[in-house]
Amino acid sequence: MPVGSEILTTAQMRATESAAMSSGRVTGAELMERAGRAVAGHIRLRWPRPGRAVVLCGPGNNGGDGYVIAQHLHRAGWQLRVLGLANQPGPDAAQMRQRWQEIGPILPLDAATFAGVQDCDLVIDAIFGTGLTRAPTGPIAALLAALTDPSLPPVVAVDCPSGLCLDSGGWPGRDRGTATGARARLTVAFDRPKPGHVLESGAFRCGELVIADIGLGDWHHIASNAPQTLLLHPAIPTPWLPAPQGPAFSLLAKPADGHKFLSGHALILAGGPARGGAARLSARAALRVGAGLVTLAPPVDALAEHAGPPDALMRQPVEDASDLADMLADSRITALCLGPGCGIERAAGLLPSALACGRPCVLDADALTALSQRPKAERFRDLHDKVILTPHMGEFARLFPDLANRLVAADNTGPLFSRLDAARQAASRARAVLLLKGPDTVIATPDGSALIHTVTDLPWLATAGAGDVLAGLIAGLLARSLPPLQAAGLAVQLHALAARRFGPGLTADDLPDQIPAILRDLLEGASGVFERGGRKKTGIDEMQVKELHARIEELAVANSFLERKLKPWGGK
Ligand SMILES: NC(=O)C1=CN([C@@H]2O[C@H](COP(=O)(O)OP(=O)(O)OC[C@H]3O[C@@H](n4cnc5c(N)ncnc54)[C@H](OP(=O)(O)O)[C@@H]3O)[C@@H](O)[C@H]2O)[C@H](O)CC1
Ligand SMILES: [K+]
């Protein structure tokens, strides 16, 4: 994923594209040519031996890209079956369709025709892209249903698996949460990832996601009026990740002469007798991520349970809100964590003091339930922008039932309401940072800045106590003075890296102990730390694609015999 980490909505993408075209420096047909060429290039890098491909071309510009891909693959010696519609597309797609018709026929775009040509090496899905506005119906719906069949030859999706809402990762007209649609082995999208590539089932249905540069860089400022969304992808450096040149580096690399208070002091509030485990997980995570001091604060009758390791952890009883307020008179406490294993009643009692001090504060688990039990009109009255709420979907639904309902409601028209929309609206309503947990975690600030972090390969991270560790990592980074959005983003990444490093069999207890090695690798600049299993991926980069394009051009000139009419299918 070479083109940076910013995510654009489909509306931002359209605005960028139309600014580029209005500038007179590039035409729509040129952009379509570049898009189709990029897809063909990525296909040829992965399937270097020409085979038989079916190209499914829809009614608009996604279909236009499909006709361009067919031309390039044909020139490279592939045998093609192109299925398309007899509609009147826009001028660019019409031009590309016309060019293909000079090479070969267009068969009807329907499930019956597709069934007759499925015996091929590759299916190219260019039916719908960013222009999907409603649930597909009729023959196209039947064709899209055929694309869900796992026994199909590999499918390459142009921009997205067709039918996917690129703003949400949902499928218009289908049940949210349970719906799965067309699937792809490889998705080549253009310019920037869209939310639907990484949210909900979109993340799982795209297969390998490649973002092709089609030369829109000069117009990216068009999208800069809207709040920015960044993708925290394991392979993409984010501005604050502790790369040696990044601002977080000096923070993680504690100064050799630094006093422990320079690394902050995290206060983790714990619950009553027999419920201390969750808060201890948070406290261990805060210690491991480098908070200078960490104090665990249970009520006095649970204090004895917390004897024993880790010895670095301090313990101090906090009985009630006034005890907590007294403790917070010490301004060296730089961050709080309230909720894990706390008990709802105790969390509700401690909330006012925890919030009144105005210091960075993670509210998780029981603290979120306590908030949701407040009267609706006062629920968020004392929150502020240094508070981070970390709900999973169930807790989110208790706090923001209307937003949660919109996320599950089936809707026939797109764009569908997304987890990104939900997190943004919730953050704005609560006037706090909102981290909506899931395989696709979304973090949003009250001003609309957002981060998305998606993992599709860590099923073992969904384990009891993993959320407590995440809360502790955030609290530790907050204590170390990282701003809330950055602390939340980095914590989510470290959490996933820790799970990936440990692998299957993981329990939440194992997570904090992975952190030191990850930090060491980050500080030593080991780029492999971001790769799955800590190994460096042998990826295909844009340079290779550009070289391939050059080679394609040379071939096209030198071997004009390749400019032939369509060969019979399978050479029969
Ligand atoms: N963004 C870029 O810089 C570039 C994008 N390219 C490619 O273009 C598509 C987007 O193309 P667009 O024509 O806007 O949309 P689609 O091809 O996805 O959809 C085509 C039309 O289909 C109609 N539609 C929408 N939903 C349905 C439905 N459920 N059933 C039937 N028809 C539907 C809709 O038209 P209506 O007027 O009927 O609403 C769409 O307009 C992008 O994904 C890229 O692949 C460029 O080629 C390169 C530059
Ligand atoms: K598509």
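Naming follows an unreviewed UniProt entry, where the protein appears as Bifunctional NAD(P)H-hydrate repair enzyme of Paracoccus alcaliphilus. For the record of the protein, the UniProt heading Subunit (unreviewed entry) holds the text "Homotetramer."

(A) Representation of the nonpolar core in the model. One finds Ile-268, Leu-269, Leu-338, Ile-474 and Ala-475 to be the most contacted residues of the largest nonpolar core, which totals 168 residues. Among the elements that make up this core, the one with the highest residue count is helix α18 (residues 484-502) (11 residues). Residue contributions to this core reach at least three from each of two domains, namely domain 1 (6-226) and domain 2 (247-531). If we ignore the near neighbours within four places in the chain, the residues touching Leu-269 are Ala-279, Ala-297, Val-318, Leu-336, Cys-337, Leu-338, Cys-342 and Leu-350.

(B) Broad picture of the site of ligand 1. Every one of the 27 residues lining ligand 1 counts as a neighbour, but Gly-60, Asn-61, Asn-62, Gly-129 and Gly-131 are closest to it. At the level of secondary structure, the elements contributing two or more residues to the shell around ligand 1 comprise α1 (10-22), α2 (28-46) and α3 (61-75). Looking at which element gives the most residues to the shell around ligand 1, the answer is α3, with 5 residues. For the shell around ligand 1, the class distribution of residues is 13 nonpolar, 10 polar and 4 charged.

(C) Representation of the domain arrangement of the protein in the model. Here the protein is described as being made up of domain 1 (6-226) and domain 2 (247-531). Using only C-alpha atoms to locate each centre, domain 1 and domain 2 end up separated by 39 Å. Across the boundary between the two partners, domain 1 contributes 23 residues, which contact 17 residues of domain 2. Elements represented by at least two residues in the side of domain 1 that touches domain 2 include exactly α7 (195-198) and α8 (202-205). Within the side of domain 1 that touches domain 2, the residues separate by chemical class into 10 nonpolar, 7 polar and 6 charged.

(D) Layout of α1. Its 13 residues place the ends of α1 18 Å apart at the C-alpha level, agreeing with the 18 Å of an ideal helix rising 1.5 Å per residue. Turning to α1, its buried residues number three or more, namely Thr-10, Gln-12, Met-13, Thr-16, Glu-17 and Ala-20. An end-on view of α1 places all buried positions within 160° of arc, on one side of the element. Residues of α1 that are buried make contact with α2. Looking one or two residues past α1, Gly-24 carries a phi angle of roughly 80°, positive in sign.

(E) Seen up close, the pairing of strand β7 (residues 186-190). Among the 5 residues in β7, 5 count as buried, and that is most of the element. Where burial is concerned, the two faces of β7 agree: the one with Leu-186, Val-188 and Phe-190 and the one with Thr-187 and Ala-189 are both buried. The pairing of strand β6 (residues 155-158) with β7 spans 3 bridges and is parallel. The residue bridging Val-156 from the neighbouring strand is Leu-186, located in β7. Inspection of the sheet shows β7 paired to strand β8 (residues 208-212) by 5 bridges, in the parallel sense. The residue bridging Thr-187 from the neighbouring strand is Leu-209, located in β8.

(F) Here's a closer look at the confidence of the model for the protein. Of the residues in the protein, 85% reach a pLDDT of 70 or more, and the chain-wide mean stands at 88. Confidence drops under pLDDT 50 across residues 242-247; counting only partners more than four residues distant or on other chains, this segment forms 13 contacts. Residue range residues 551-568 is modelled with pLDDT below 50. Its contacts to residues more than four positions away, or to other chains, number 13 contacts. We note a pTM of 0.91 for the whole complex and an ipTM of 0.98 for its interfaces.

(G) Main features of unusual backbone geometry. Pro-309 connects to Pro-310 through a cis peptide bond whose omega is 0°. The residue Pro-310 is located in the loop between β11 (293-297) and β12 (314-315) in this model. Looking along the chain, the bond that leaves Gly-414 and enters Pro-415 is cis, with omega of -10°. In this structure, Pro-415 sits in the loop between α15 (401-408) and α16 (419-430). Despite not being glycine, Ala-274 has its phi angle at roughly 70°, a positive value. The backbone phi angle of Ser-481 is positive, close to 80°, even though this residue is not glycine. Topologically, Ser-481 is positioned in the loop between α17 (466-479) and α18.

(H) Structural context of the sheet that holds strand β1 (residues 6-7). Across the sheet, which stays open at both edges, the 11 strands sit in the order β1-β9-β18-β17-β16-β15-β14-β13-β10-β11-β12 with mixed pairing between neighbours. The outermost strands of the open sheet, each flanked by one partner alone, are β1 and β12. One ladder, built from 5 bridges, connects strand β17 (residues 440-444) with strand β18 (residues 450-454); its direction is antiparallel. If you follow Thr-441 over to β18, its bridge partner there is His-453.

Rules and cut-offs
- Residues numbered from 1 in each chain as written.
- Chains lettered and ligands numbered in written order.
- Predicted model: local features only at pLDDT ≥ 70, side-chain atom pairs only at ≥ 80, totals over all residues.
- UniProt positions renumbered as here; feature names shortened; annotations may be inferred.
- Core = buried A, V, L, I, M, F, W, Y, C linked by C-beta atoms within 7 Å.
- Buried ≥ 20, exposed ≤ 12 C-beta atoms within 10 Å, placed from the backbone.
- Helix = DSSP H or I, 4+ residues; strand = E, 2+ residues; numbered from the N terminus.
- Domains from an automatic or database assignment.
- Contact = placed C-beta atoms within 7 Å.
- Near = placed C-beta within 6 Å.
- Nonpolar A, V, L, I, M, F, W, Y, C, P; charged D, E, K, R; others polar.
- Expected span 1.5 Å × (residues − 1).
- Arc of directions from axis to C-beta.
- Pairing = 2+ DSSP bridges.
- pLDDT = per-residue confidence, 0-100.

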